[in-house]
Amino acid sequence: MTLLDGRSLAQSIEKEIIIQTDLLQKEGIIPTLAVILVGTDPASCAYVNMKIKACERCGVACVAKKLKEEITQIELIPMIEELNADPEIDGILVQLPLSAHIDTKSILEAIDPQKDVDGFHPFNAGRTLAGIEAFVPATPLGVMSLLEHYGIDVAGKNVAIIGASNIVGKPLASLMLNAGATISVCHILTKDIKTFTQHADIVCVGVGKAGLIGAEMIQEGAIVVDIGINRLQDGRLVGDVDFESVSKKASFITPVPGGVGPMTIISLLQNTLISARKRKSKNQKY
Ligand code: NAD
């Protein structure tokens, strides 16, 4: 069994990003990411802090807007419009989930697709599905980079994706399909998930339920990508896969933590850098 070590891959990509941001800075471009956090949900605060720290390490400027829980949609949208219009901002990220009183779809649609480094705007989601150049959501992008790094070609493989959210399962299905895999996407209403996972060469799970995937659910030698993040009562962080038993049967498996999580953050920075480079080439036209 080989560990799909996202932490060390992310660290080596980070070194490359530092070189690239340095080059851009010498040409007068400081790659800049705006991060909007609404409220004080501990998990969201932790994710935002990780993103801010990663920006700091990489020489990416981060404009963090930490807003009160009660902020209304009518107040939030003009803030996004202001960031859209600001030529110094390359990427805009709104940390999800948002409170129930805010319509997430309207907020995501308010972001300029050219600055939508999270890839959640329908413009980018549609282009990703169509296989056209787009900002691809960081988690599925990170999964694809990790598989590629370990020489795993998904073309012709049977892939079971468990979890069908707009930020994980659906875009991952688009990327895998466009790369030539045959996809089954399972979700909360899927009857008997193991009929899909047991025939899969690659199982990707991003649900948020510890222990969902046990060894009996995968075939011998399967490649297992655990996207889930769950905090157990004893404080431990685990994925959705029963690592202990599944790792004995899998050929490749991601650890949690240290697998998809670091790849997600580094992919966000890669997207921000792509946007900053576009700003540079736009500036050179004039
Ligand atoms: P979500 O709640 O938006 O979607 C969950 C999906 O799982 C839905 O499609 C739902 O139908 C499905 N589901 C729920 N219970 C199920 C069950 N028992 N069997 C099968 N399917 C089930 O969540 P999300 O935002 O997509 O996040 C999913 C998980 O991935 C969470 O644990 C989250 O913390 C984690 N996550 C990790 C990263 C990372 O960087 N590693 C990034 C994003 C999300």
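Sequence order as written defines residue numbering, which begins from 1 separately in each chain. The predicted origin of the model limits local features to residues at a pLDDT of at least 70 and limits the giving and counting of side-chain atom pairs to 80 or more, whereas totals for whole chains, interfaces and linings rest on all residues. Calculation of side-chain values draws on the structure's entire complement of heavy atoms; hydrogens and water are dropped beforehand.

1. Looking at the packing of helix α5 (residues 122-130) against helix α7 (residues 169-178)
Between α5 and α7, whose axes approach to 8 Å, the crossing angle comes to 30 degrees. Here α7 runs roughly parallel to α5, going by the angle between their axes. Where α5 abuts α7, its residues T128, L129 and A130 lie against S174, L175 and N178. Gly falls in the polar group here, along with every residue not listed as nonpolar (Ala, Val, Leu, Ile, Met, Phe, Trp, Tyr, Cys, Pro) or charged (Asp, Glu, Lys, Arg). In terms of residue class, the contact of α5 with α7 is built from three nonpolar, three polar and no charged. Where helices are involved, their axes are fitted lines through C-alpha atoms of the stretch in contact, as for all axes, and angles between N-to-C directions lie from 0 to 180°. The way it works is that DSSP assigns letters per residue, a run of H or I at least four long becomes a helix, a run of E at least two long becomes a strand, and they are numbered from the N terminus. Any angle that falls under 35 degrees is termed roughly parallel, while one over 145 is termed roughly antiparallel, one within 65 to 115 roughly perpendicular, and all others oblique. Contacts: residue pairs with any heavy atoms within 4.5 Å of one another.

2. Looking at the domain arrangement of the chain
Considered domain by domain, the chain is made up of domain 1 (27-112) and domain 2 (138-262). Domains are outlined according to an automatic or database domain assignment. Spacing between the C-alpha centres of domain 1 and domain 2 amounts to 28 Å.

3. Things to note about the nonpolar core
Counting residues in hydrophobic clusters, the biggest one holds 49 residues, and the most contacted among them are L147, M176 and C204. Among the elements that make up this core, the one with the highest residue count is helix α10 (residues 260-285) (eight residues). The residue makeup of this core includes at least three contributed by each of domain 1 (27-112) and domain 2 (138-262). Those residues in contact with M176 that sit more than four places away from it in its chain are M144, L147, V154, V159, A181, I183 and C204. Here the nonpolar core consists of buried residues drawn from Ala, Val, Leu, Ile, Met, Phe, Trp, Tyr and Cys, with membership extended through side-chain atoms lying within 4.5 Å. Between buried and exposed lies partly exposed: a residue is buried under 20% and exposed over 50% of the maximum accessible area for its type, with that area taken using a 1.4 Å probe on protein chains only.

4. A closer look at unusual backbone geometry
Of note, the amide linkage connecting L96 to P97 takes the cis form, showing an omega dihedral of 0 degrees. Take P97: it is sitting in the loop between β4 (91-94) and α4 (104-110). Going from V256 to P257, the amide bond is cis rather than trans, its omega being 0 degrees.

5. With respect to the environment of D118
Mapped onto the secondary structure, D118 falls in the loop between α4 and α5. Judged by relative accessible area, which is 10%, D118 ranks as buried. If we skip the residues at most four places from it in the chain, D118 touches L93, V94, V136, P137, A138 and L268.

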